Structure formats: C-alpha cells, structure tokens
Amino acid sequence: MTTHSNAYEEINDVDLDLTQDDALDDEETSSTGYDDTEGPGLEGLELEERQALRRVAGMSTELTDISEVEYRKLLLERVLLVGVWTEGSAEDAENSLAELKLLAETAGSEVLDGVIQRRKKPDAATFIGSGKVADLRNLVAALGADTVIADGELAPAQLRNLEDKLKVKVVDRTALILDIFAQHAKSKEGKAQVELAQLQYMKQRLRGWGGNLSRQAGGRVGAAGGGIGGRGPGETKIETDRRRINTKISKLRRELKEMKGTRSTMRQERRRHSVPSVAIAGYTNAGKSSLLNAITGAGVLVENALFATLDPTTRRTTTSDGRVYTFTDTVGFVRHLPHDIVEAFRSTLEEVADADLLLHVVDGSHPDPMAQIQAVREVLSEIGAVDVPEIIVINKGDLADQLALAPILHRETGAIVVSARTGEGIDKLKALVEASLPQPHITVDALLPYDRGDLVSRVHSEGSVDTLEHTGDGTRLTARVHPQLAGELAPYQVAAI
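Residues numbered from 1 in each chain as written. Predicted model: local features only at pLDDT ≥ 70, side-chain atom pairs only at ≥ 80, totals over all residues. Heavy atoms only, no water.

Participant: Explanation requested: the pairing of strand β13 (residues 464–470) in the structure shown.
Facilitator: Direction of pairing for β13 relative to strand β14 (residues 475–481): antiparallel, over a ladder of 6 bridges. Within β14, the position partnered with Ser 464 by the bridge is Arg 480. Counting the residues between successive antiparallel strands, the hairpin from β13 to β14 contains 4 residues, one of them, Gly 474, with a positive phi of roughly 150 degrees. (Pairing = 2+ DSSP bridges. Helix = DSSP H or I, 4+ residues; strand = E, 2+ residues; numbered from the N terminus.)

Participant: What's the story with the packing of helix α6 (residues 130–143) against helix α7 (residues 156–166) in this structure? I'm lost.
Facilitator: Close contact between α6 and α7 brings their axes to 9 Å; oriented N to C, the two are set at 50 degrees. It follows that α6 is oblique to α7 by the angle criterion. Crossing of α6 over α7 shows right-handed handedness. Contact residues: α6 offers Val 133, Leu 136 and Arg 137, while α7 offers Leu 162, Lys 165 and Leu 166. Its residues assigned to classes, the contact of α6 with α7 comprises 4 nonpolar, no polar and 2 charged. (Axes fitted to C-alpha atoms, helices over the stretch in contact; angles between N-to-C directions. Parallel < 35°, antiparallel > 145°, perpendicular 65-115°, else oblique. Left-handed = near helix turned anticlockwise from the far one by under 90°. Contact = heavy atoms within 4.5 Å. Nonpolar A, V, L, I, M, F, W, Y, C, P; charged D, E, K, R; others polar.)

Participant: Explanation requested: the sheet that holds strand β8 (residues 324–329) in the structure shown.
Facilitator: Strand pairs in the sheet, formed through backbone hydrogen bonds, run parallel or antiparallel to each other. Reading across the sheet, the 6 strands line up as β7-β8-β6-β9-β10-β11 and stay open at both edges, with mixed pairing between neighbours. Edge positions in the open sheet fall to β7 (313–318) and β11 (416–417), since each of these has one partner strand only. Note that strand β9 (residues 357–363) and strand β10 (residues 390–395) share 6 bridges and pair parallel. Residue pairing across strands places Asp 363 opposite Asn 395, the latter belonging to β10. The strands touched by helix α16 (residues 426–436) within the sheet are β6 (277–282), β7, β8, β9, β10 and β11, with β9 carrying the most contacts at an inclination of about 150 degrees.

Participant: Which parts of the structure should I look at to understand helix α17 (residues 453–462)?
Facilitator: Residue pairs spaced three or four apart in an α-helix point in one direction, given the helix's 3.6 residues per turn. Regarding α17, the residues found buried are Leu 455, Val 456, Arg 458, Val 459 and Glu 462. Mapping the buried residues of α17 onto a view down its axis gives an arc of 160 degrees, with all of them on the same face. Buried residues in α17 make contact with β12 (442–448), β13, β14 and α18 (483–489). (Buried < 20%, exposed > 50% of the residue type's maximum accessible area, 1.4 Å probe, protein only. Arc of directions from axis to C-beta.)

Participant: When you look at the pattern of salt bridges in this model, what are you seeing that I'm missing?
Facilitator: Any two side chains of opposite charge can pair, so long as their charged atoms come close to each other. Tallying each qualifying case throughout the model produces 17 salt bridges. For the salt bridge of Arg 173 with Asp 151, the shortest nitrogen-to-oxygen distance reads 2.6 Å. Taken together, the residues span a long stretch of sequence, with Arg 173 in helix α8 (residues 173–184) and Asp 151 in the loop between β4 (147–150) and α7 at a distance of 22 residues. By the burial criterion, Arg 173 is buried, and Asp 151 matches it. Between Glu 390 and Arg 377 there is a salt bridge, and its shortest N-O distance comes to 2.9 Å. Of this pair, Glu 390 sits in strand β10 while Arg 377 sits in helix α14 (residues 369–382), and the two are 13 residues apart along the sequence. Overall, the relative accessible area of 32% leaves Glu 390 in the partly exposed class. (Salt bridge = Lys/Arg side-chain N within 4 Å of Asp/Glu carboxyl O.)

Below, the structure is given as structure tokens:
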C-alpha cells in the first residue's frame, strides 16, 4: 500500500490508535452512551476497540507512475473511506470496506485510505461518534482528501453534521451506488429507473438555508410582493424543490409503467409459445455477462468492474435436441443494495421472478462467497423469486481456492464449478440446465403431410421429439409437446390400433 509518509509526519500527533485525553474520553462516552466500566450491552466491546479508529490495510489506490498521477489528479476525487464495525468478525468488516473501495474506484475516485470504528451501533448524530469526528477531520486534512465515503446509509442529520464538521463532501454507500448506476445506464428504461431512484433518495435529503428558506411573495404588498392574490405565507424554495421532485417522480413512474407493459407483453408471448426462460442472477462482477456469452455467444459487454452492465439482455438458444429457450442476464446485486434501486428496477427484476430456472452465479475467487450468496438471496426474497428453481454456479473456478469452495459445494446441493474464461465446466452446465428445464408433458403420435413442415419445425423447437420417420404419406413422429401445440396437432393424430 502506498502511504503518504510526509503527510503523516506533519501530524505525528494524530495516530489512529491514539489514546484520547480525559476530556475527549468524556466527550466520546457522552456521545455513545458507554462508559469504561463493565455493563449491559458491552459484550465483546473492549475499551481499546471502542476508543480507536482501526486502519484497514490495502485501501490506498494512489498511483506511483508520474504520468498517470498527473493525469488522474485532474479527474479523480480523492476519497477517504470510513466504516462502523457493529457485528461479525474483523474480517467481515474489512471485506465490507474492501468492497466499498471497489465501488469508489468504479465511480472514478482515488482511494487514499480506509478506517473502521468499532461500535455497538452507529452514532445517531455523526455515525462514528463526535470524538472520532475530530480524528477524522485531522486525517482528512493530512491526506488532502476532498470526499469522505461512509460504508452505510446515512440519515439526513448524520450527513449534514459530518459535512459541517469535516468541511468536505460526505456521501454514503447508497449515493455511491446510485452514482455508478447513473454512469452505466444505457437504455431509456435503465436511465429512467436510475433517475427515479436518485430522486427518491434526494427528496429526503434536501437542505435549505438563507434564500432557500425565504418565502415567495410572503404577504408583502405592491408589485414586488405579487399584489392581489400573492399575499399569504407563500412557499419556500426547499418546498418548491420538493414539489418539483414529486412531479418528476410521478412522470417517471408513468413512463416506466408503459415500458413495463412492453416487457410484460414480450414475456406473455414467450409463455404463449411455451418457451422456457432461464434467468442469470448473482453478485455484481461475479461473471454473469461472461457466462451468458460463453453459453449463447451473446456478445454482451464484459468488464472487470462493478455494475458494468445494468440493462437486461435476453438471448435465445437451443437444447441439444432442438428445443428453444431463453437466457436473460439481469442487474447485479451487492450487499445492502439500496431499497430505492430495488423498487426502481422492480420491472426488470421481475424477469427473475417469472423465470422457469435461476442460475445463481457466485464469484469463486471472492474471499467470502457465502456472504455473496446470502446478499443475493435477500434481494430475491424481496422481489418474490424464492420459489424459482435454483442452480448455484460458482464462476471463476480457475482462480478459486478449491478448499474455500468445499463448504459451498457441501451446503448447496447441485452446485457446479465453471470458468467462463477458460470454458471449464460450461458443457456440463449446459447439460444440467437442459435437464432442469420444464418438460412438455403431452405425448402425441401424428402423421403430418409434407406441406405442414411448419408444424414439424415447431415440434422440434417447442417440444421433445422421441421418434421421427419419413413415409410415403408424410412425416410420422412421436413427441412430447405443450397443450397448445397438442391442440394444433390433433387433426393429424394417428388412431391407436
């Protein structure tokens, strides 16, 4: 990790493991509600842990190549990450902050450092406690950071208090994810979904001061006050902003409702023809798009970045016996995925809930794949997709530690290890998908004239052909088909002898 040695030497009195003086200890105790004595609610919280910001190694992404440094300093925000460790192990807390680092880099920023505060729960006023805010302010000044990113969703009061005390911009995990979505959305529907989520998030965090809290017209007389009809309490600027946001939200919801109708029509058409659908879901950057390309040759954008693709992609493919089915790549999930995002992308995520089979893709090279699985299943539960048959697909098998994968393979029955990059296990996955697709259940024995080749083609693409023979009178076949196609084949059924 590249460090800012000069900056730290200049403020050698600021140490992240420093022991505060009695006054600061009193301030910290009053802000957190803790004291140094043993008491209820302090299980597992040692005094040293509660009094120290814990630096996480490997957070800095500062470049050493001078040509790149000069270029990126013009473009990238210099950010400091801060998290609150409330439960779980230290490794869990560091993994969460490491993921925040990847999100910050994806958004286009240079991560200078990351620190964690051990607390029973986040401070209601400042997230990390008033005593630690002073430490954080000194660290921000030493590093020259211009933005602080909190690993959690900040309440409006926490956001305002931190910005007032730190004197730099403060954003939370939710705002960071929304910013990444805004950068990566390409389709009209995707852009509308992201804008809706941003407006819903922003509406609760409007701030007003000075002229923003003054009244329009206010009750003054004359032309300056609006004259007759302009008197009264008026409307503040912040109220006007909130009204405009509500108007825009209503407009976006109407537009998304129309787009949802188009998407629903396409799904109904696939159902009408009994085309099975397979949805690919999973943690962001687990390799969902790479897997779709490996199976169907879809040519979807593949990039080693979080949320590289947001817009769902559906591709048709066929089984080994000629049946047609579809693969749909969906938006990636992440721990603590903002509720506004889930709501805004609900019409897109319905592709998962309506699928016949779910491929749950897991990054096998991730240090904590079980946490990824849990995070994805929480979102699936929220959108009503828990009953969809699921296959756990552990991707990046060429990079994974086989010992680390053993608990997943033991716990998740039917899980399969593949590598979309090398092709390892892809054929086995295809066979598993074909075996898991819903099978047509009506058996027919039909003799089709040669001028009804369209029906023969549909039996191949929509059903499962058991036997086929070309005779002098036409094509004789036995197959298993869905009810609608069985009705169309009824006139050509061969009578049982």
